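Structure assessment
Listed below are the residues making up each chain.
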Amino acid sequence: MCGIVGYVGTQQAGPVLLEGLEKLEYRGYDSAGIAVRNGSEDAEVVKTIGRLQNLVERTDGGKAVAGTCGIGHTRWATHGAPSKTNAHPHVSGNCTGSGSGRVESLVVGVHNGIIENYQELKAKLERHGYAFYSQTDTEVLIKLVDYYYRKYKVGPIDALAKTIVRVRGSYALAVMFKDIPDKIFVARKDSPMIIGKNDHETFLASDVPAILNHTRQVYYIGNLEMAELSAGKAVFYNLDGDVIEKEVTNIEWDAEAAEKGGYEHFMIKEIHEQPKVSEDTLHKYVFGEGKNVKIDLSEVGLTEEKMKAYSQIYIAACGSAWHVGMEAQYVIEELVGIPVRVELASEFRYRKSGILPNSLVIIISQSGETADSLAALRMAKEKGTETLAIVNVVGSSIAREADYCMYTLAGPEISVATTKAYTCQLICSFLLAVAFAKARGRIDEEQYRYYIGELLSLPGKIEATLSDKERIQWFAAKYANARDIFFIGRGIDYAICLEGSLKMKEISYIHSEAYAAGELKHGTISLIEDGTLVIGALTQSDLYEKTISNMMECKSRGAYLMGLTSYGKYDVEDNVNFAVYVPRVDEHFIGVPAIVPLQLLGYYLSVSNGLDVDKPRNLAKSVTVE
Ligand code: F6R
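Throughout this description, residue numbers start from 1 for each chain and increase along the sequence as written. Local features in a predicted model are, by the rule used here, given only for residues with pLDDT of at least 70; side-chain atom pairs are given and counted only at 80 or more, and totals for whole chains, interfaces and linings are based on all residues. Here the side-chain values reflect all heavy atoms present in the structure, with hydrogen atoms and water set aside.

Things to note about the packing of aromatic side chains
Describing an aromatic ring pair means giving the distance of the ring centres and the angle of the ring planes. Side-chain rings of Phe, Tyr and Trp, where Trp is taken by its six-membered ring, are said to pair if the distance between their centres is within 6.5 Å; with planes under 30 degrees apart they count as stacked, over 60 as edge-to-face, and otherwise as tilted. Across all of its chains, the model carries 19 aromatic pairs by this definition. Seen from their ring centres, Y219 and F236 are 5.2 Å apart, and the 55 degrees between their planes marks the pair as tilted. Highlighted residues: Y219 in strand β12 (residues 217-220) and F236 in strand β14 (residues 233-237), separated in sequence by 17 residues. The buried label applies to any residue whose accessible area, calculated with a 1.4 Å probe on protein chains only, is under 20% of its type's maximum; exposed applies above 50%, and partly exposed to all values in between. Taking relative accessible area as the criterion, Y219 reaches 13% and is therefore assigned buried. For F236, a relative accessible area of 2% gives the class buried. Summarising the aromatic geometry, the rings of Y479 and Y560 are spaced 5.3 Å apart at their centres and angled 45 degrees between planes, so their arrangement reads as tilted. You can see Y479 sitting in the loop between α16 (469-478) and β24 (484-489) and its partner Y560 sitting in strand β27 (residues 560-566), a full 81 residues away along the chain. A residue is classified by how much of its surface remains accessible, and Y479, at 12% relative accessible area, is buried. Using a relative accessible area of 17% as the deciding quantity, one classes Y560 as buried. Among the aromatic residues, those joined into a cluster by ring pairs are W474, F475, Y479, Y560 and F578. Here the guanidinium or amino end of K438 rests over the ring plane of Y448, the centre of that ring lying 4.9 Å away. If you follow R617 out to its NZ or CZ, it ends over the ring of Y509, 3.8 Å from the centre. Runs of H or I in DSSP of at least four residues are treated as helices and runs of E of at least two as strands, each being numbered from the N terminus. We count a charge as sitting over a ring when the NZ of a lysine or the CZ of an arginine lies within 6 Å of the ring centre and within 35 degrees of the ring normal.

Following this line, the structure appears as structure tokens:
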């Protein structure tokens, strides 16, 4: 989704803004722009479509635009097509052409999010003589700020407060006022924005990596809060216009964690980080050794009493995080014996059937800002249900609003296609399964220690799987022209297939589908023809024969078979054309190493086809719109 940045300080703003936008490129965008102010002069606005590099070239890396205070934006089109005119920044004044140049205007601003009632507001503003040059909701928002600022002759914070009371939707909004040089004013609701500061400079951004080269001191601005930013200073306000105190958070990642570190793409770097981040996540919650080893969720806030009391678990999430939920469902139901329902957050949020009493709703999200997941969380809370978030981004909306929060320690994930955050989410859900099973007396001490031991072995098993990556690379080269790929499996293997298939289609653009293996013959098998690649996940011993039979049904219709199973099950080669093995581990947890070959397959197919692996078309990293 869109990315926003802002800077006010002692350096020239242009290069700092472009550097920040570059760090936010992973969020997905189709146009970009900056507005920089030089003292009391009007803002100079530059907008380009396509890659950020176009804006870098237009502005000589930002150096061609004078001034030490500015805002910038990468736009992922929602209202109005990708075009220079619709690109941000937007201005309150009348504007001809695409809006680039020194634009005479009282208010200039950038916005990430969606203003739901923008048409009604636009009509109101038109009645007051405002004319619009773009199709965006953002232009309406900026003009509304202008309207309240002029009409009530109030200060900028009051004008922003009046604006945000009037709009419905989500926004991370940053504006500059012509008559207030060297200051940026911001407001936020349901779209990510952080404020960073050092002694002489202040930054704003949609995400931490954009400012890490300059400061680690970050403030999280809450919903319906505003701030006034000047060089080295940030003052925060609530909706009543009262000053509020905020604690500064020290970001512990190092800036290199958000760089490619010698890898060709972020995705392959992040795939290789999985042993390390899994280990970090495990050691955040597992303590002690030998007989004393235990899972400690006290930081999460979940007590044994709580874990005993729930009679139903719901898991709501989107995309890959939903696939984690699907896998967790099988594992939790089996280990804990508690019913689990997995829901797509976009559906769950509108369910009218209610939530059973005594339930726990688990929301899984890497970004902690996914609009549907956040809405599902709020819906559950409104119904009085307890909520637990499994989240990667510290201080994100979902992390802050859930009753309990279990952080994954995946570090910054830049590639749009998730890999390491997905794996850490799986690990957190397995830790929960084992902790719940122990609390509810479903497993004894010995089984408890056995499961923890198996979990602790996962980082090494991912490492071992990665060491076999050349075979996958070879196979990908052979299948680079595939048109359709089917993934089939049962139970946990079906959940693995869902994620394998998504990894494939989102970055390689090859059509693929995941099917519960027994379901294929109820219709979809008609699509299998000579040479169609069918990948069977065969990690579950009790379901192995069944899935093999379904694969053979495909083979007899011409399919080429790849089997994904564990070390030792070498007889798979009697049936499949190509076999991939992952190390053995308790089969509840084998999804962690088993996803790695499928991540690699998606990656290498994308590379073979010369595609933009880290920023696949039409996709955004953090989906903050419904
Ligand atoms: C796919 C992918 C997406 C996300 C989904 C949820 O590779 O990354 O499907 O899993 O958009 O995002 P989060 O986890 O941020 O809520």
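Regarding the sheet that holds strand β8 (residues 169-177)
Two strands form a pair only when DSSP identifies at least two bridges running between them. A sheet is described by the order of its strands in space; here seven strands give the open sequence β5-β7-β8-β9-β13-β14-β15, paired in antiparallel fashion. In this open sheet, the two strands that pair with only one neighbour each are β5 (90-91) and β15 (243-244). Across two bridges, the pairing between β5 and strand β7 (residues 107-115) is antiparallel. Bridge pairing in β7 links H90 to G109. Strands β5, β7 and β8 of the sheet are contacted by helix α4 (residues 137-152), whose axis makes an angle of about 125 degrees with β7. By the convention used here, residues are in contact when the closest approach between their heavy atoms is within 4.5 Å. Axes here refer to lines fitted to C-alpha atoms; in helices the fit is confined to the stretch in contact. Angles between the N-to-C directions go from 0 to 180 degrees.

Let's talk about helix α13 (residues 420-439)
In a regular helix each residue adds 1.5 Å, so 20 residues correspond to 28 Å; α13 covers 29 Å between its end C-alpha atoms and thus fits that length. Of all 20 residues in α13, 19 are buried; the element is thus mostly enclosed. Just downstream of α13, G441 is the residue with a positive phi angle, here 70 degrees. Expected helix span is taken as 1.5 Å per residue step, with the number of steps being one fewer than the number of residues.

Examining the domain arrangement of the protein
Residue ranges for the domains originate in an automatic or database domain assignment. As far as domains go, the protein holds domain 1 (3-251), domain 2 (263-456) and domain 3 (464-611). One C-alpha centre belongs to domain 1, the other to domain 2; they are set 34 Å apart. Listed by partner, the interface residues are 10 residues for domain 1 and 12 residues for domain 2. Of the roughly 800 Å² buried between domain 1 and domain 2, counting both surfaces, carbon and sulfur atoms make up 51%. Its largest share of buried area at the contact with domain 2, domain 1 owes to Y26, D190 and Y220, together 55% of the area lost on that side. We define a salt bridge as a side-chain nitrogen of Lys or Arg found within 4 Å of a carboxyl oxygen belonging to Asp or Glu. Summed over the shared surface of domain 1 and domain 2, the result is two salt bridges. The partner of D190 in a salt bridge is R378, and the shortest N-O contact between them spans 2.5 Å. Definition of a polar contact: a pair of N or O atoms within 3.5 Å, with one able to donate and the other able to accept a hydrogen when the atoms are protein atoms, and with sequence-neighbouring residues admitted only if both atoms are side-chain atoms. Scanning the region where domain 1 abuts domain 2 turns up three residue pairs in polar contact (both at pLDDT 80 or more). Ten residue types, Ala, Val, Leu, Ile, Met, Phe, Trp, Tyr, Cys and Pro, are classed as nonpolar, four, Asp, Glu, Lys and Arg, as charged, and the remainder, Gly among them, as polar. Residue classes in the side of domain 1 that touches domain 2 are distributed as five nonpolar, three polar and two charged. Buried area is calculated as the accessible area (1.4 Å probe) missing from two parts once they are joined, with the contributions of both summed.

Some details on the environment of I157
If you trace the backbone, I157 turns up in helix α5 (residues 156-166). Residue I157 is classed as buried on the basis of its relative accessible area, which comes to 9%. I157 sits 30 residues away from A187 along the chain, and the two C-alpha atoms are 9.0 Å apart. With sequence-adjacent residues up to four places away left out, I157 is seen in contact with F185, M226, A227, Y237 and G241.

Topic: the pairing of β24
Of all six residues in β24, five are buried; the element is thus mostly enclosed. Pairing of β24 with strand β25 (residues 511-516) involves six bridges; the strand directions are parallel. Following the sheet pairing, F486 is matched in β25 by E513. A crossover connection joins β24 to the parallel β25 through helix α17 (residues 492-508); in handedness this β-α-β unit is right-handed. The pairing of β24 with strand β26 (residues 533-537) spans four bridges and is parallel. Note on β26: the bridge partner recorded for I488 is G536. Viewed with both strands pointing away, a crossover whose connecting path from the first strand over the helix to the second turns clockwise is right-handed.

Regarding the site of the ligand
Residues in contact with the ligand amount to 14 residues; listed here are only the nearest, S365, Q366, S367, T370 and E506. In the environment of the ligand, an oxygen atom lies 2.6 Å from a nitrogen or oxygen atom belonging to the side chain of S365. Within the contact set of the ligand, an oxygen atom lies 2.5 Å away from a side-chain nitrogen or oxygen of T370. Secondary structure elements with two or more residues in the shell around the ligand: α9 (319-336) and α17. Tallied by class, residues from the shell around the ligand come to five nonpolar, seven polar and two charged. If you count residues domain by domain, the shell around the ligand takes at least three from each of domain 2 (263-456) and domain 3 (464-611). We call a residue near a molecule or strand as soon as one heavy atom of that residue lies within 4 Å of the molecule or strand.

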